[in-house]
Amino acid sequence: MIDHGGNLATASPIGDSAPLLMALDARVHLAGPDGRRVVDLASFFTAYRQTALRPGELLTTIEIPKPLPRVVRFYKVSKRRLDDISTVAAAYALDTDNSGRVRRARFAFGGVAATPVRITSAEDGVTGALWNDAAVERIQQVLDRTLTPISDARGSKEYRLEVAKSLVEKFHWESTHDDA
């Protein structure tokens, strides 16, 4: 089977593009012998190194819907600064209303599970709430319960979990300080 789409089509759990695209609610367009179809990227990864691609299908397009979220950040943590495989990749997207309540939140990660993941329970847990320290703590509690990192040469499972939680704090700080 020939796959196109780089580390999306190969379902790399540590690929950098998947978390960012998931935080942006991307959809992938697939084409194959049975025609064309569209799949939300968040449900595209089905298991370790497996996707929703059917035999003979190709990933033809990545669609990012508009409007884009007001605040989007991507973070990559790796041993070396350049040209290294991620230990943890994280992407966050956020829209708040004028009172500081979360209208839309997306939290997506690579390197912390068998597949790139979007943590919808954390998103649901802060939607409608004020975007504050209490929201960050709720997200971190969800991460403690849902992330299942492995340990390898790039970092232990404990390290990866703590990095993911720390990046939520960094995102909160950056999203609440316009000059960041």
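Residues numbered from 1 in each chain as written. Predicted model: local features only at pLDDT ≥ 70, side-chain atom pairs only at ≥ 80, totals over all residues. Heavy atoms only, no water.

**Considering helix α4 (residues 133-146)**
Okay, step 1: Compared with an ideal rise of 1.5 Å per residue, which puts 14 residues at 20 Å, α4 spans 20 Å between its outermost C-alpha atoms and is within 8% of the ideal.
Okay, step 2: Within α4, the full set of buried residues consists of Ala135, Val136, Ile139, Gln140, Val142 and Leu143. Taken around the axis of α4, the buried residues stretch over an arc of 160°, which confines them to a single face. With respect to the buried face of α4, the exposed residues turned more than 90 degrees away are Asp133 and Arg145. (Helix = DSSP H or I, 4+ residues; strand = E, 2+ residues; numbered from the N terminus. Expected span 1.5 Å × (residues − 1). Buried < 20%, exposed > 50% of the residue type's maximum accessible area, 1.4 Å probe, protein only. Arc of directions from axis to C-beta.)

**Some points on the nonpolar core**
Okay, step 1: In terms of nonpolar packing, the biggest core is built from 30 residues, with Tyr92, Phe107, Phe109 and Leu143 touching the most fellow members.
Okay, step 2: Secondary-structure elements contributing two or more residues to this core are β6 (71-77), β7 (88-96), β8 (102-110), α3 (120-126), α4 and α5 (157-176).
Okay, step 3: At six residues, α5 tops the list of elements feeding residues into this core.
Okay, step 4: Excluding residues that lie within four positions of it along the chain, tyrosine 92 makes contacts with Ala23, Val71, Val72, Arg73, Tyr75, Arg106, Phe107, Phe109, Ala164, Leu167, Val168 and Phe171.
Okay, step 5: In terms of nonpolar packing, the next biggest core, distinct from the first, is built from 16 residues, Leu21, Ala26, Leu41 and Ala108 among them. (Core = buried A, V, L, I, M, F, W, Y, C linked by side-chain atoms within 4.5 Å. Contact = heavy atoms within 4.5 Å.)

**Comments concerning α5**
Okay, step 1: Taking 1.5 Å as the rise per residue, α5 with 20 residues should run 28 Å; its terminal C-alpha atoms sit 29 Å apart, in good agreement.
Okay, step 2: Listed as buried for α5 are Arg160, Leu161, Val163, Ala164, Lys165, Leu167, Val168, Phe171, His172, Glu174 and Ser175.
Okay, step 3: Close packing links the buried residues of α5 with β6, β7, β8 and α4.

**Focus on unusual backbone geometry**
Okay, step 1: A cis amide bond, omega 5°, links lysine 66 with the succeeding residue proline 67.
Okay, step 2: Inspection of the secondary structure assignment puts proline 67 in the loop between β5 (58-63) and β6.
Okay, step 3: Its identity as a non-glycine residue notwithstanding, alanine 11 has a phi of 60°, on the positive side.
Okay, step 4: Tracing the backbone shows alanine 11 in the loop between α1 (6-9) and α2 (17-23).
Okay, step 5: The exposure class of alanine 11 is buried, given its relative accessible area of 0%.

**Structural notes on the pairing of β7**
Okay, step 1: Among the nine residues that make up β7, nine are buried, leaving the element largely enclosed by the rest of the structure.
Okay, step 2: Pairing analysis gives seven bridges linking β6 to β7, with the strands arranged antiparallel. Looking at β7, one finds that lysine 76 is bridged to alanine 89.
Okay, step 3: Summarising the sheet, β7 and β8 pair through eight bridges and their orientation is antiparallel. Following the sheet pairing, alanine 91 is matched in β8 by alanine 108. (Pairing = 2+ DSSP bridges.)

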